[in-house]
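Residue strings, one per chain:
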Amino acid sequence: GFFQSYAVEVDIKDASNATCLYADWLMRFLITYESNNGDYKTTTLNLSSSVTHNGSVCGNDTQAALVAVQFGEGHSWSISITKNNETYQGDFLTLTYNTNDTAVFPDAKRKGPVTVLVKDPLQPVQLNTVFVCHAYFIEAENVTQIFWNVTVQAFVQNGTVSKKESRCPADIPTSAPTVPPTTVPVTTANVTTASTTASTTTLSPAPTTPPKPVENPDTGNYSLKSGNKTCFLATVGLQLNVSQDKPLLININPKTTIADGACGNTTATLKLNDRNSTLIGF
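In short, a report on the structure. All figures in this text were calculated on a predicted structure; none of them were measured in a lab. (Residues numbered from 1 in each chain as written. Predicted model: local features only at pLDDT ≥ 70, side-chain atom pairs only at ≥ 80, totals over all residues. Heavy atoms only, no water.)

Comments concerning the layout of surface pockets
Here is the rule we go by: Both cavities and pockets are sets of points on a 1 Å grid over the protein atoms alone; in a cavity a 1.4 Å probe fits but cannot get out, in a pocket the set is open with protein on both sides within 12 Å along at least five of seven lines, and lining residues sit with an atom within 4 Å of a point. Grid points are joined across faces, edges and corners, and a volume is the space filled by probe spheres set on the points. Note on conventions: DSSP H or I runs of at least 4 residues are helices, E runs of at least 2 residues are strands, and numbering of each starts at the N terminus. By the convention adopted, Pro, Cys, Tyr, Trp, Phe, Met, Ile, Leu, Val and Ala count as nonpolar, Lys, Arg, Asp and Glu as charged, and the other residues, Gly among them, as polar. In this document the domain limits rely on a domain assignment from an automatic tool or a database.
Empty space within the second largest pocket amounts to approximately 250 Å³. In terms of lining, the second largest pocket is formed by 13 residues, of which the most central are D39, Y40, K41, S226 and G227. Among the elements that line the lining of the second largest pocket, the one with the most residues is strand β3 (residues 40-46), at three residues. Looking at the lining of the second largest pocket, its residues break down into four nonpolar, six polar and three charged. Counting only domains with at least three residues in the lining of the second largest pocket, you end up with domain 1 (7-171) and domain 2 (219-281).

So this is what it looks like as structure tokens:
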């Protein structure tokens, strides 16, 4: 599993007791807050075993649908979903966390509820299509919202969740330069992914020299800080092994790779982006 957490399943019915909105997903939040002594700490807010969904509504052509959940000691999260012609799309995500919850925020300087509002970055989804996503992150202000195993369909037709899927961009493989396959050295980290791409066969002269093998990936030093202290340190060479018609090996270049993420009391997340849409999360 991506993380250990409680899953949320919301099945909203209309006046005729037919499903009009369905959502099933897991999520957690990494929140940076100021402590009583002036330091900034990062904590992890998880869903509790008991989650309610009061205020969730089906929506229609003029009113947005709403998935709203409440959990823990005064925490809540919601997403509004609007309908436009032949598509539906997430509008705003609203997280309210309560720093009076001393189990999560044991020494928070600011007490009481804090609300973070962020625009949903995902693209519209065709009606009568279910949105599916393995995992994605949304960052706003001092909060990283992490979602995985997501299944959502708003404005369900005829009370039946569709079998037609729309995948999030993170689940769709992107094209990569053709690199001849070679043996992956055992001294480096090897990440295996799967993708499917369309290919076109063309005739070309046979090469007169053998292709140059992929070299070992350069070792990078990646770190995260919590306040002025390093809380996450990784020294690693990374090579992606992409399985498709012709295997591809892609080295992650530490010189162009950005490290991001956050540290919590019991978990830490390191995200590496090589500026070419390759995102690896630890």
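Some points on the state of the cysteines
The following threshold applies: Pairs of cysteine sulfur atoms within 2.5 Å are what we label disulfides. Classification of residues uses two cut-offs on accessible area relative to the type maximum, computed with a 1.4 Å probe and protein chains only: under 20% is buried, over 50% is exposed, and between them is partly exposed.
Across all of its chains, the model carries three disulfides by this definition. Each disulfide pairs two cysteine sulfurs, and for C20 the partner residue is C58, the sulfurs being separated by 1.8 Å. An S-S torsion of about -65° defines the bridge between C20 and C58 as left-handed. Highlighted residues: C20 in strand β2 (residues 19-34) and C58 in the loop between β4 (51-52) and β5 (65-71), separated in sequence by 38 residues. Residue C58 is classed as buried on the basis of its relative accessible area of 18%. The connectivity of the disulfide-linked cysteines in the chain, indexed sequentially, is 1-2, 3-4, 5-6.

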